[in-house]
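# Architecture at a glance
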Amino acid sequence: MKKIVVIGLLLVSVVSFAACGNVEQATSSNSDAVVEDQQATQAEDSKESDSVMTEEGDLGACHIKIVSAQKGKDYSGNEALIVTYEWANNSDEEKMFGTTFTTKAYQNGVECSPAYMVDGVDSQKTLTNIKPGAALEIQAAYLLTDNSDVTIEVSPWISFDDKKVVKVFSVE
């Protein structure tokens, strides 16, 4: 009976030592995972800064420039920001702005709604095809909620990367 108790105690102590070893390995693995997470975050931050271009840049096979912005009014008298873009088709096929790029305007971190029927803005130009090597100037309008700055972002319409062109305009 004493032998069975001693063997039992021996097994319990062996199992507890083995468990302590796993805890150290788990702690080591967790600290390695934290270091890897920090490195991944730093890599993402670096990648994000590489993918954001100010005012103009190449998105896919096209070049886009956010040229200017001015205040205007839509058909209901609401204040709108009219943004002028220049873009060039550097691809091998016809393209149109509306299916090549996605444009967004943000005011106070909230996306602005598009403004329709704004004086002087030919919104149909976003659907105009241009041949390879051609360039076109278009305008788009966004409803304003107040007089705070507006951030314009242009990104590829369909893309698996985070590239975008950004410009901030003062509304006042």
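Residues numbered from 1 in each chain as written. Predicted model: local features only at pLDDT ≥ 70, side-chain atom pairs only at ≥ 80, totals over all residues. Heavy atoms only, no water.

Let's shift gears to the pattern of salt bridges. Applying the stated rule across the entire model yields four salt bridges. A salt bridge links Lys-131 to Glu-94; its shortest N-O distance comes to 3.0 Å. One end of the pair, Lys-131, is in the loop between strand S8 (129-130) and strand S9 (135-143); the other, Glu-94, is in the loop between strand S4 (79-89) and strand S5 (95-96), and 37 residues separate them in sequence. Of the charged contacts in the structure, one is a salt bridge between Glu-153 and Lys-164, with a shortest N-O distance of 3.7 Å. (Salt bridge = Lys/Arg side-chain N within 4 Å of Asp/Glu carboxyl O. Helix = DSSP H or I, 4+ residues; strand = E, 2+ residues; numbered from the N terminus.)

Turning our attention to the pairing of strand S2 (residues 56-59). Of the two faces of S2, only one is covered, namely that formed by Gly-57 and Leu-59; the face formed by Glu-56 and Asp-58 stays uncovered. Judged from the four bridges that link them, S2 and strand S3 (residues 62-73) form a sheet pairing that is antiparallel. In the sheet register, Asp-58 faces S3, and the bridge partner there is His-63. The turn linking S2 back onto S3 is made up of two residues, and Gly-60 within it adopts a positive phi angle of 65 degrees. (Buried < 20%, exposed > 50% of the residue type's maximum accessible area, 1.4 Å probe, protein only. Pairing = 2+ DSSP bridges.)

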